[in-house]
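# What the coordinates show
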Amino acid sequence: MTPTTSEAEDHLNRVLGLPSLVLFGLVYMVPLTVFTTYGIVTQTTGGRVPLAYVVTLAAMVFTARSYARMSAAYPVAGSAYTYAQKSFGAPIGFLGGWSLLLDYLFLPMINYLVIGIYLEQALPAVPAWVWVVASIALVTVLNIIGIVSVNRTNFVIIAAQTIFIVVFVVLSVVTVTKAGSLDLAAPFRGDGTAPGAGPIFAGAAVLCLSFLGFDAVSTLSEEAKDPKRSVPRAIMIATLASGLIFIVLSYLSQLVFPSNKFADVDSGSLDVVSAAGGKFLVVFFTSAYVAGALGSALTSQASVARILYAMGRDGILPRPVFGKLSHKYLTPIYAILVVSAVSLLAVVIQLETLASLISFGALMAFSAVNLSVIKHYFLDHRERSGGAVINNLVLPLIGFALTVWLWTSLSATALIIGMCWLAVGFVWLLGVTRGFTRPTPVMDMKE
């Protein structure tokens with residue numbers, strides 16, 4: 001039976017299979033994102049970026065598993081917002097979604113920012129803001145057209161990055177081999193400028209933004225063909241694959257360029273790439289990196305628009321703006337435009353501040369999802385027999401502890417701004433519920 005107009009407005013198209021979902025997560029995380037904050041984290045950790053990535057991956061594996069379990073329980077759009085809402089109630093769900101908005105609203109922005117940084121260095125005659133605005137316009141159009149156009153673009157972008165990674169690895173190995181005797185443990189031991197475990201966790205906290213792709217996969221549950229099976233599997237595959245890529249690339253980078261003194265810390269990766277392959281590789285890297293950032297902007301804007309759509313569909317955000325789908329493209333057009341407007345801040349914000357803020361929002365949401373597993377499976381459904389205690393209590397509790405540890409390792413500036421963001425969300429919730437005298441709007445869970 002052909003769906004009516006009202007039905008079409010309430011449902012997203014189910015067109016994505018497991019390969020497309022994994023690809024979405026990988027492109028969202030951008031395999032080359034290891035270079036986004038490479039200079040910053042190298043200085044923070046004292047030359048131990050691979051070790052910081054190992055710590056981050058360990059925390060993310062536990063959290064990704066919690067996302068996978070909750071996505072199977074609630075295969076609809078909304079991600080951490082949905083999971084916290086259904087497990088702890090609508091008010092907590094809103095605050096979970098609000099914290100998630102912090103990193104999702106800013107993740108497209110960081111991609112536009114680095115696009116401006118690298119293209120301005122490649123073509124100094126064109127200012128960075130021009131590249132930022134042009135990128136926002138292109139991504140907005142592609143997202144309005146629909147998720148299928150985004151998926152097709154992803155194949156081209158991931159191919160370019162894959163080719164660069166292969167070339168970079170080969171040239172790095174050649175460079176390291178020619179250098180003679182090297183301390184292969186140096187990237188894990190560091191250069192002595194930032195001793196102790198504290199700097200490692202501080203760097204790992206910033207690197208959390210690299211792993212937001214598995215979270216993004218869960219926001220496409222209403223567009224997956226078999227969400228209860230494909231989404232959980234895609235989450236775990238994308239997390240492990242990207243983590244291994246990040247560790248290998250950062251390890252080789254620190255062998256090739258064993259220093260934390262960069263010409264410009266924001267674009268410190270250019271020093272690494274130049275040391276590995278000279279001018280040719282710098283040009284290749286810039287092209288592949290900008291393409292990857294553009295792909296991440298495409299997928300991240302698609303994800304946050306769908307979170308805004310889910311919250312608008314509830315009425316927790318203005319429904320006429322955020323809860324509407326385009327009749328022609330069946331995409332949340334107004335939510336997409338709002339994300340584009342916010343992304344214009346990329347013209348003025350600093351890279352280090354933006355990276356820390358994204359990680360703050362991510363870690364808050366990750367903590368909520370780990371607790372949601374305990375609440376949903378262990379407490380509400382009482383699945384406590386045998387190995388269920390491990391699956392439903394111990395593992396998510398470990399994930400929660402690790403995310404809290406990373407959260408407290410962020411800079412004071414990120415913590416202050418992040419807490420202010422949560423305070424604004426709480427005030428908004430008070431206004432919507434008239435001081436909790438009215439029920440918080442709840443998402444319609446029908447698919």
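Residues numbered from 1 in each chain as written. Predicted model: local features only at pLDDT ≥ 70, side-chain atom pairs only at ≥ 80, totals over all residues. Heavy atoms only, no water.

Per an unreviewed UniProt entry, the protein goes by the name Amino acid permease-associated region and belongs to Mycolicibacterium brisbanense. A UniProt comment under Sequence similarities (unreviewed entry) is attached to the protein, and it reads "Belongs to the amino acid-polyamine-organocation (APC) superfamily." (UniProt positions renumbered as here; feature names shortened; annotations may be inferred.)

Turning our eyes to something else, we now look at the overall build of the protein. When you go through the protein residue by residue, the secondary structure sums to 18 helices and zero strands. Over its C-alpha trace the protein gives a radius of gyration of 21 Å, about what one expects of a compact globule, namely 22 Å for 447 residues. When its C-alpha atoms are laid out on the principal axes, the protein stretches across 65 × 50 × 40 Å. Looking at the 447 residues of the protein, the share that counts as buried comes to 55%. In the protein, of all internal contacts separated by at least 6 residues, the share reaching a separation of at least 24 is 84%. Accessible area for the protein stands at about 16,900 Å²; split by element, carbon and sulfur atoms hold 69% of it. Averaging the locations of the 25 positively and 20 negatively charged side chains of the protein gives two centres separated by 6 Å. (Helix = DSSP H or I, 4+ residues; strand = E, 2+ residues; numbered from the N terminus. Rg over C-alpha atoms; globule rule 2.2 N^0.38 Å. Buried < 20%, exposed > 50% of the residue type's maximum accessible area, 1.4 Å probe, protein only. Contact = heavy atoms within 4.5 Å. Areas by Shrake-Rupley, 256 points an atom, 1.4 Å probe, with all protein chains shown as cover. Lys, Arg positive; Asp, Glu negative; His and termini not counted. Charge placed at Lys NZ, Arg CZ, Asp CG, Glu CD.)

Soluble, globular proteins show a tendency: their nonpolar side chains are buried together. Of all hydrophobic cores here, the largest spans 127 residues; its most connected members are Tyr67, Phe164 and Phe168. With near-sequence residues (within four places) excluded, Phe168 lies in contact with Phe35, Leu249, Leu252, Ser253, Val272, Ala276 and Leu281. (Core = buried A, V, L, I, M, F, W, Y, C linked by side-chain atoms within 4.5 Å.)

Contact geometry of helix α7 (residues 128-145) with helix α13 (residues 269-314) gives a least axis separation of 10 Å together with a crossing angle of 50°. Comparing their axes, α13 and α7 come out oblique. α7 and α13 meet at a crossing whose hand is right-handed. Residue-level contacts link Ser135, Leu138, Val139, Thr140, Leu142 and Asn143 of α7 to Leu294, Ala297, Leu298, Gln301 and Ala302 of α13. When its residues are assigned to classes, the contact of α7 with α13 shows seven nonpolar, four polar and no charged. (Axes fitted to C-alpha atoms, helices over the stretch in contact; angles between N-to-C directions. Parallel < 35°, antiparallel > 145°, perpendicular 65-115°, else oblique. Left-handed = near helix turned anticlockwise from the far one by under 90°. Nonpolar A, V, L, I, M, F, W, Y, C, P; charged D, E, K, R; others polar.)

It is worth spelling out the packing of helix α4 (residues 49-73) against helix α12 (residues 227-256) at this point. Closest axis-to-axis distance for the α4/α12 pair is 9 Å, and the angle between their directions is 175°. Regarding the angle of α4 to α12, the classification is roughly antiparallel. Here the residues of the contact of α4 with α12 are counted per class, giving 19 nonpolar, five polar and two charged.

This paragraph deals with a nonpolar patch on the surface. A cluster of nonpolar residues, Trp129, Val130, Val133, Leu344, Leu345, Val347 and Val348, forms a patch on the protein surface that exposes about 610 Å² of accessible area. Note on placement: Val347 falls in the loop between α15 (333-343) and α16 (351-380). Taking relative accessible area as the criterion, Val347 reaches 44% and is therefore assigned partly exposed. (Patch = residues over 30% accessible without salt bridge, like charges linked within 9 Å, V, L, I, M, F, W, Y side chains within 5 Å. Salt bridge = Lys/Arg side-chain N within 4 Å of Asp/Glu carboxyl O.)

This part is about the environment of Asn111. Of note, Asn111 is situated in helix α6 (residues 90-122). What makes Asn111 buried here is its relative accessible area of 6%. Along the primary structure Asn111 and Ser287 are separated by 176 residues, whereas in three dimensions their C-alpha atoms are 14 Å apart.

All right, on to the packing of aromatic side chains then. Here the structure, examined in full by the defined rule, presents 23 aromatic pairs. On the numbers, 4.7 Å between centres and 25° between planes, the contact of Trp98 with Trp421 is stacked. Highlighted residues: Trp98 in helix α6 and Trp421 in helix α18 (residues 412-432), separated in sequence by 323 residues. The exposure class assigned to Trp98 is buried, which follows from its relative accessible area of 9%. Given the relative accessible area of 21%, Trp421 is considered partly exposed. Ring plane angle 80° and centroid distance 5.8 Å describe the contact between Tyr118 and Phe285, whose orientation is recorded as edge-to-face. With a gap of 167 residues between them, Tyr118 in helix α6 and Phe285 in helix α13 connect regions that are remote in the sequence. The exposure class of Tyr118 is buried, given its relative accessible area of 2%. Three or more aromatic residues link up through ring pairs in this structure, and these residues are Phe35, Tyr38, Tyr118, Phe164, Phe168, Phe257, Phe262, Phe280, Phe284, Phe285 and Tyr289. (Phe/Tyr/Trp six-rings, centres within 6.5 Å; stacked < 30°, edge-to-face > 60°.)

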